[in-house]
Amino acid sequence: MIEELQSLVNKEIQIASALETISGTLVSVDGTAVTLRTSEVFGYENGSYAIIQLRFISYIRML
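Residues numbered from 1 in each chain as written. Predicted model: local features only at pLDDT ≥ 70, side-chain atom pairs only at ≥ 80, totals over all residues. Heavy atoms only, no water.

*Asks:* Teacher, can you tell me more about the pairing of strand β4 (residues 49-53) here?
*Replies:* Put simply, side chains in a regular strand alternate between the two faces of the sheet. Here β4 shows a buried face lined by A50 and I52 and an unburied face lined by Y49, I51 and Q53. As judged from the five bridges shared by strand β3 (residues 33-38) and β4, these two strands associate in the antiparallel manner. Each residue of the ladder has a partner; that of R37, found in β4, is Y49. (Buried < 20%, exposed > 50% of the residue type's maximum accessible area, 1.4 Å probe, protein only. Helix = DSSP H or I, 4+ residues; strand = E, 2+ residues; numbered from the N terminus. Pairing = 2+ DSSP bridges.)

*Asks:* Is there a simple way to think about the side chain of Q14 in this case?
*Replies:* In this fold, Q14 is placed in strand β1 (residues 12-17). Among the polar contacts made by the side chain of Q14, one reaches the side chain of Y59 at a distance of 3.5 Å. Within polar-contact distance, the side chain of Q14 engages the side chain of R61 at 2.5 Å. Setting aside anything within four residues of it in sequence, one finds Q14 in contact with T21, I22, S23, Y59, I60, R61 and L63. (Polar contact = N/O pair within 3.5 Å; in protein donor to acceptor, adjacent residues only side chain to side chain. Contact = heavy atoms within 4.5 Å.)

*Asks:* I would appreciate a short explanation of the sheet that holds β4 in the present structure.
*Replies:* With antiparallel pairing, five strands are arranged side by side in an open sheet as β4-β3-β2-β1-β5. In this open sheet, the two edge strands, each paired with only one partner strand, are β4 and β5 (57-62). On average, each strand axis in the sheet is inclined to that of its neighbour by 45°, with strand direction left out of account. Both strand β2 (residues 21-29) and β3 contribute to a ladder of five bridges, which runs antiparallel. From the neighbouring strand, G24 faces β3, where its bridge partner is T38. (Axes fitted to C-alpha atoms, helices over the stretch in contact; angles between N-to-C directions.)

Note that every value here comes from positions in space, so none of it alone points to a role or purpose.
The structure is reproduced here in structure tokens:
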């Protein structure tokens, strides 16, 4: 799964977890988390970074 996610670096994606759905540009992927530069999302300033643990992600899709 990590290799597939790394192919999406610098692309616009949407990530959903049990608590929220976040859209933005995928910045990095490691063995435990992904980092997004967020778009306009409640609780995140435009251009902020969100780090989401892989184990909490329900789905990821390209926009």
